[in-house]
Amino acid sequence: MRKAERLFQLLTLLRSRRTVITAAELAERLGVSERTIYRDMQALSLSGVPIESEAGVGYRLTPGFSLPPLMFDESELHALITGMKMVRSWGDDAMASAAQNVLDKVQAILPERLHTPNMMDPEWLVMPTFNREVLSQYSTPIRQAILNKSKVDIDYIRQDGTASTRRICPLGMVYWGHAWTLIAWCENRNDYRMFRFDRIQQLQITSDHFITSDTCNLQHYMAQQPC
């Protein structure tokens, strides 16, 4: 993470808190050392950010520090927060971290009238994580392969328990409510196939690339599915 990005993240975390936050907690959230946090806090202070600190207690922004208003109404905020919590609970580590950063940024710039515990953590919203490590463990390389249009080799266990090896062109990811599923063009079957992440045994991104067409893309696949 570049220093400028890290300073922005620090400021976002400070804005999201009404109480102090320790250097140790900041270091853990950003994946850096406490010494780096000390240097970054000094840099923010020298740039004019009003930071209060107390040895052994932590940091906070000076009360009354001006924050910009957030132009969302409560229903829009609930929709955004719900979506980010779904990603945080059911996505891979990279997506979960990004979702948490979004939540921190939203909380940082909430106007005072909306800054209530029930806004950021609604008591009516329960977001179970299920077995996130298993369901999302291949999400990051699969997303990379989809974006780069890279062919992928997988060892897969079919529903009947039979093992198979496939070379596929990954087209998209679908979450069905209990499992992530990869939509792909299977070169072995010369047709679309779905592969559940939790049945993939091994996955290797190859150096070969594919090109989508009018009859081989995610939208074409979805158009063929019954409503």
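See above for the structure.
Residues numbered from 1 in each chain as written. Predicted model: local features only at pLDDT ≥ 70, side-chain atom pairs only at ≥ 80, totals over all residues. Heavy atoms only, no water.

Participant: I'm lost on the overall build of the chain in this one. Help?
Facilitator: For the chain, the helix and strand inventory stands at nine helices and seven strands. Each of the 227 residues in the chain was classed as buried or not, and the buried ones make up 39%. Excluding contacts between residues fewer than 6 apart, the proportion of contacts in the chain whose partners are at least 24 apart in sequence is 60%. Carbon and sulfur atoms make up 53% of the accessible area of the chain, which totals about 13200 Å². (Helix = DSSP H or I, 4+ residues; strand = E, 2+ residues; numbered from the N terminus. Buried < 20%, exposed > 50% of the residue type's maximum accessible area, 1.4 Å probe, protein only. Contact = heavy atoms within 4.5 Å. Areas by Shrake-Rupley, 256 points an atom, 1.4 Å probe, with all protein chains shown as cover.)

Participant: Mind showing me how you'd approach the pairing of strand β2 (residues 58–61) here?
Facilitator: Two strands pair when backbone bridges link them, and strand β1 (residues 51–54) and β2 are joined in this way by four bridges, in the antiparallel orientation. Each bridged residue has a counterpart across the sheet, and for Glu-54 the counterpart in β2 is Gly-58. Where β1 folds back onto β2 in an antiparallel hairpin, the turn is made up of three residues, including Gly-56, whose phi is positive at roughly 80°. (Pairing = 2+ DSSP bridges.)

Participant: What should I look at first to understand the packing of aromatic side chains in this one?
Facilitator: To describe a pair of aromatic rings, one takes the distance between the centres and the angle between the planes. Under the definition given, this model contains five aromatic pairs. Measuring from ring centre to ring centre gives 5.1 Å for Tyr-175 and Trp-180, while their planes differ by 55°; the resulting arrangement is tilted. Of the residues examined, Trp-180 reaches a relative accessible area of 16% and is grouped as buried. A ring pair is formed by Trp-185 and Tyr-192, whose centres lie 5.1 Å apart and whose planes are at 85°; its orientation type is edge-to-face. Neither residue differs from the other here; Trp-185 and Tyr-192 are each classed as buried. Connected via pairs of aromatic rings, a cluster forms that spans Tyr-175, Trp-180 and Phe-197. (Phe/Tyr/Trp six-rings, centres within 6.5 Å; stacked < 30°, edge-to-face > 60°.)

Participant: Where do I start with helix α3 (residues 34–46) in this structure?
Facilitator: Residues spaced three or four apart along an α-helix face the same direction, because each turn holds 3.6 residues. Relative to the 18 Å expected for 13 residues at 1.5 Å per residue, α3 spans 18 Å between its end C-alpha atoms, a close match to the ideal helical length. Those residues of α3 that fall on the buried side of the exposure criterion are Thr-36, Ile-37, Asp-40, Met-41 and Leu-44. Viewed end-on, α3 has its buried residues packed into an arc of 135°, placing them on one side of the element. Exposed residues on α3 whose side chains face more than 90 degrees from its buried face are Arg-35, Gln-42 and Leu-46. In the core, the buried residues of α3 are packed alongside α1 (3–15), α2 (23–30), β1 and β2. (Expected span 1.5 Å × (residues − 1). Arc of directions from axis to C-beta.)

Participant: Looking at this model, I keep getting lost on the packing of α1 against helix α5 (residues 93–108). Mind explaining?
Facilitator: Relative to each other, α1 and α5 sit at 55°, their axes nearing to 7 Å. On the basis of the axis angle, α1 is oblique to α5. By crossing handedness, the relation of α1 to α5 is classed as left-handed. Of the residues in α5, those touching α1 at Phe-8, Gln-9, Thr-12, Leu-13 and Arg-15 are Asn-101, Asp-104, Lys-105, Gln-107 and Ala-108. A breakdown of the residues in the contact of α1 with α5 according to their chemical character gives three nonpolar, four polar and three charged. (Axes fitted to C-alpha atoms, helices over the stretch in contact; angles between N-to-C directions. Parallel < 35°, antiparallel > 145°, perpendicular 65-115°, else oblique. Left-handed = near helix turned anticlockwise from the far one by under 90°. Nonpolar A, V, L, I, M, F, W, Y, C, P; charged D, E, K, R; others polar.)

Participant: What is the right way to read the sheet that holds strand β5 (residues 180–186) from this model?
Facilitator: Think of a sheet as strands paired side by side through backbone hydrogen bonds, with each pair either parallel or antiparallel. Taken in spatial order, the five strands make up an open sheet running β6-β5-β4-β3-β7, and their pairing is antiparallel. Looking along the sheet, the strands with just one partner apiece sit at the ends: β6 (191–196) and β7 (200–209). Direction aside, the axes of adjacent strands within the sheet are offset by 45° on average. For strand β3 (residues 150–157) and β7, the ladder comprises six bridges, and the chain directions are antiparallel. By the bridge assignment for β7, Ile-154 is matched with Leu-203. Of the strands in this sheet, β3, β4 (163–175), β5 and β7 are in contact with helix α8 (residues 139–148), which crosses β4 at around 80°.

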